[in-house]
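Results of the structural survey
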Amino acid sequence: MKRRKLGNPLALAVMATLCQKPMHPYEIAQTLRRQGKDISTKINYGSLYTVVQNLEKHGFVEVTEVERQGNRPERTIYGLTDAGRQEMTEWISDLMAVPVKEFPIFETALSLMGVLHPDEVVRLLEERLKNLEVQAASARGALEKLYETLPRLFLVEAEYQLHMVEAQAQWVRGFLEEIEKGSLPGVDGWRRFHDTGEMPPEFQDWEAPDTET
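Residues numbered from 1 in each chain as written. Predicted model: local features only at pLDDT ≥ 70, side-chain atom pairs only at ≥ 80, totals over all residues. Heavy atoms only, no water.

What about the pattern of salt bridges?
Counted according to the given criterion, the structure contains 13 salt bridges. Put simply, Arg4 and Glu87 hold a salt bridge, and the shortest N to O gap is 2.8 Å. Pair noted here: Arg4 is in the segment before helix H1 (9-18) and Glu87 is in helix H4 (residues 82-97), with a separation of 83 residues, a long-range link. This pair shows no difference in class: Arg4 is buried, exactly as Glu87 is. A salt bridge links Arg140 to Glu166; the nearest nitrogen and oxygen atoms lie 2.8 Å apart. Linking Arg140 in helix H6 (residues 118-147) with Glu166 in helix H7 (residues 156-181), this pair joins segments that are 26 residues apart in sequence. The exposure class assigned to Arg140 is partly exposed, which follows from its relative accessible area of 34%. Here Glu166 falls in the partly exposed class, since its relative accessible area comes to 27%. (Salt bridge = Lys/Arg side-chain N within 4 Å of Asp/Glu carboxyl O. Helix = DSSP H or I, 4+ residues; strand = E, 2+ residues; numbered from the N terminus. Buried < 20%, exposed > 50% of the residue type's maximum accessible area, 1.4 Å probe, protein only.)

Here's what the structure looks like:
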């Protein structure tokens, strides 16, 4: 994937918002919130002005107007430039087409869970599963309501998030079953290590396979 001049996803969200019309930063923030973009993009509204300034620095947005109403402070209106439109299009295209390795914190926990007793891992994953099921039920209900008033086109990111939660819940159920039934390869040695302090021979000098492509 091409290295971009700006890597903050908020910058991309700002450019996409300015596709609708020129806006001042406060209006951009309000539009992002109103259109639910804070669900799919981490939005720090305090840094939004800095993001807009960086976009202007790189020629992706430009000042189109300075408004003044009565005694209110001046408001600078920004619009998307041709360069900004090209950058936005290429950036979104890359994100849509090219998978990249991300580092969800749950994966970190899974990679280190061996320091816990298998019974404790079972307890924690059962708790996580309950939370995932509640999260999925809530998201499913919200989506059904939103379908009544909005085209599906504007809800696909919420659909994706729901499917990811459901997929994670399904995986956790299967993994729990493997631990509880003892069918997970290595679970006996893992349990013995915590029960006796004895390091199983198969765990010594073990190296993870190279999965990079």
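Digging into the packing of aromatic side chains
Using the criterion set out here, one finds one aromatic pair in the structure. The lysine or arginine in question, Lys101, covers the ring of Phe103, its NZ or CZ lying 5.4 Å from the ring centre. Over the ring of Phe106 we find Arg128; its NZ or CZ atom is 3.6 Å from the centre of that ring. (Phe/Tyr/Trp six-rings, centres within 6.5 Å; stacked < 30°, edge-to-face > 60°. Lys NZ or Arg CZ within 6 Å of the ring centre and 35° of its normal.)

The values are spatial; any link to function lies outside them.
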